[in-house]
Amino acid sequence: MMVIKNHYPGSLINQLPPVRGKYDIEAPIAQFTWFRTGGPAEVLFRPADATDLKEFLINKPHNIPITTIGVGSNLLVRDGGVPGVVIRLGRPFSTIRTKGTEIHAGAMSLDYNVAKAARAESIAGFEFLAGIPGTIGGALRMNAGAYGREFRDIVSKVMALTPLGQLKCLSTEDWAPRYRGCGIPSDWIFTGCIMDGVWGNETEISRAMELVQSARTDSQPIRSRTGGSTYKNPNGQKAWELIDKAGCRGLRLGKAQVSEKHCNFLINLGGASTADIEGLGEEVRRRVREVTGIELEWELERIGKYSGVEHE
Ligand SMILES: Cc1cc2nc3c(=O)[nH]c(=O)nc-3n(C[C@H](O)[C@H](O)[C@H](O)COP(=O)(O)OP(=O)(O)OC[C@H]3O[C@@H](n4cnc5c(N)ncnc54)[C@H](O)[C@@H]3O)c2cc1C
């Protein structure tokens, strides 16, 4: 029998402590993702500032799941929504300060704005950030990188809150970055980091940033509803080459498609569900496995529950 379930029958909101920020119940979060798909957050919490966030974590019941999102450029939110509290940081977490060649950035600062702030002070080493459309928090989670550079090459200290509200200042060893991931548990919240550059020349930095951006426009569907690279590159191989070899360029499922322009990108043609996108992604993995024997690993972060249609 097919049963349609309510998203969230409980009343989580009544268990949450008073805050100065904002709670929204059954809040749509698709608009916070590049794909523009997926179900609501059971509760969306937008903290007023760092103290509000810390007090929320200390005072909330400890068993409530916590998920923090940035600007959703690497995120697939499943159609059944995200149980627990989804946290989206705001303006107080978007500060960018320079101190010599160091940059101190809040977790909600856009990578591009960090690159621009570095350029304004003639600090080199941040040019690759100009092509990554996420936030510092998302970049710390993913150890984001491009053109041979990664966040682990520039980060010296990472600030994070544990789910119990303890503020930690982590060394790079504690942060434990690896290829498109890190060693920090998924319910910890990055609040900012310190990064190191070197003195450079503003004109050369500008030129390097423009090169990064034009390379992107030429090779990636950056005007589409997408999530960037869908899969990690397997050891010594390029995911897009394997996908092409398996004949998946342009493959469609519902309104989801493997990009013709860059076949490691999935796109929402308009009106796709997350089930379409994830289903297409799994079909690509199956075909690549069949043709090449290689198991592609998802790079996109997938959160939440499958849709409310369940078979009993
Ligand atoms: C067109 C396009 C091009 C891209 N190019 C690149 C590229 O060249 N290199 C690259 O590495 N990536 C690339 N990406 C992917 C994406 O931009 C990066 O992974 C980025 O770092 C994600 O940041 P975000 O703020 O969008 O995070 P989200 O997508 O919102 O979240 C990603 C993950 O980070 C976690 N997270 C976010 N903020 C926090 C926080 N404050 N504390 C704890 N966890 C947090 C989320 O829970 C989730 O697990 C691209 C994406 C697009 C759409």
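Residues numbered from 1 in each chain as written. Predicted model: local features only at pLDDT ≥ 70, side-chain atom pairs only at ≥ 80, totals over all residues.

J.: Let's hear about the environment of G200: which residues, and what values?
T.: Assignment of secondary structure puts G200 in the loop between β15 (198-199) and α5 (202-219). With 149 residues separating them in the primary sequence, G200 and T51 have C-alpha atoms 36 Å apart. Setting aside residues no more than four positions away along its own chain, G200 makes contact with S122, I123, A124 and I205. (Helix = DSSP H or I, 4+ residues; strand = E, 2+ residues; numbered from the N terminus. Contact = placed C-beta atoms within 7 Å.)

J.: Could you give an account of the domain arrangement of the chain, with specific residues and numbers?
T.: Annotation of the chain at the domain level lists domain 1 (2-91), domain 2 (95-204) and domain 3 (233-296). Distance from the C-alpha centre of domain 1 to the C-alpha centre of domain 2: 24 Å. The partner domain 2 presents 16 residues to the 15 residues of domain 1 that form the contact. Those elements that place two or more of their residues in the side of domain 1 that touches domain 2 are α1 (50-59) and β4 (66-69). Broken down by element, the side of domain 1 that touches domain 2 gets its largest block of residues, five residues, from α1. (Domains from an automatic or database assignment.)

J.: Provide a residue-level description of the pairing of strand β6 (residues 82-88), including the pertinent values.
T.: Counting buried residues in β6 gives five out of seven residues, a clear majority hidden from the surface. In the sheet, strand β3 (residues 41-46) pairs with β6 via four bridges, with the strands oriented parallel. Within β6, the residue paired with V43 across the bridge is V85. As defined by bridge partners, β4 adjoins β6 across four bridges and the pair is classed as parallel. Paired with I66 across the strands is V85, a residue of β6. (Buried ≥ 20, exposed ≤ 12 C-beta atoms within 10 Å, placed from the backbone. Pairing = 2+ DSSP bridges.)

J.: An account of the sheet that holds strand β18 (residues 256-258) is requested, with residue identities and associated values reported.
T.: Pairing within the open sheet is antiparallel, and its four strands lie in the order β16-β19-β18-β17. At either end of the open sheet lies a strand with only one pairing partner, and these are β16 (225-229) and β17 (252-253). Here three bridges tie β16 to strand β19 (residues 265-268), and the two strands are oriented antiparallel to one another. Bridging from a neighbouring strand, T226 pairs with I267 of β19. Of the strands in this sheet, β17, β18 and β19 touch helix α7 (residues 274-292), which is tilted by about 30 degrees from β18. (Axes fitted to C-alpha atoms, helices over the stretch in contact; angles between N-to-C directions.)

J.: Go over the environment of I267, please, and point to the residues and values.
T.: Among the structural elements, I267 can be located in strand β19. What makes I267 buried here is the crowd of 25 C-beta atoms within 10 Å. Linking I267 and Q257, residues ten residues apart in sequence, is a C-alpha distance of 5.3 Å. Each residue touching I267, except ones within four places of it in the same chain, is listed here: P221, S224, R225, T226, Q257 and S259.

J.: Give me the lowdown on the site of the ligand, citing residues and values where you can.
T.: With respect to spatial proximity, 33 residues lie near the ligand, and among them G70, G134, G137, G138 and G228 are the closest. Those elements that place two or more of their residues in the shell around the ligand are β4, α3 (136-142), β10 (145-146), β14 (189-196) and β16. Taken together, the residues of the shell around the ligand break down into 15 nonpolar, 16 polar and two charged. A domain split of the shell around the ligand shows at least three residues from each of domain 1 (2-91) and domain 2 (95-204). (Near = placed C-beta within 6 Å. Nonpolar A, V, L, I, M, F, W, Y, C, P; charged D, E, K, R; others polar.)

J.: Account for helix α2 (residues 111-120), naming residues and giving values.
T.: Along α2, the residues that are buried comprise D111, V114, A115, A118 and R119. Buried residues in α2, looked at end-on, bunch into an arc of 140 degrees, giving them a common side. The inward-facing, buried residues of α2 contact β7 (96-99), β8 (102-106), β9 (123-124), α3 and α5. Downstream of α2 by one or two residues, S122 has phi in the positive range, about 60 degrees. (Arc of directions from axis to C-beta.)

J.: I'd like a rundown of the sheet that holds β6, residues and numbers included.
T.: Reading across the sheet, the four strands line up as β2-β3-β6-β4 and stay open at both edges, with mixed pairing between neighbours. With partners counted over all chains shown, the strands left at the sheet margins are β2 (22-27) and β4, one partner each. Adjacent strand axes in the sheet meet at a mean angle of 25 degrees when their direction is disregarded.

J.: Can you explain unusual backbone geometry? Please cite residues and give values.
T.: Despite not being glycine, R36 shows a phi value in the positive range, around 60 degrees. Relative to the helices and strands, R36 is located in the loop between β2 and β3.

J.: An account of the environment of L300 is requested, with residue identities and associated values reported.
T.: Among the structural elements, L300 can be located in the loop between α7 and β20 (301-303). Placed 261 residues apart in sequence, L300 and G39 show a C-alpha to C-alpha distance of 17 Å.

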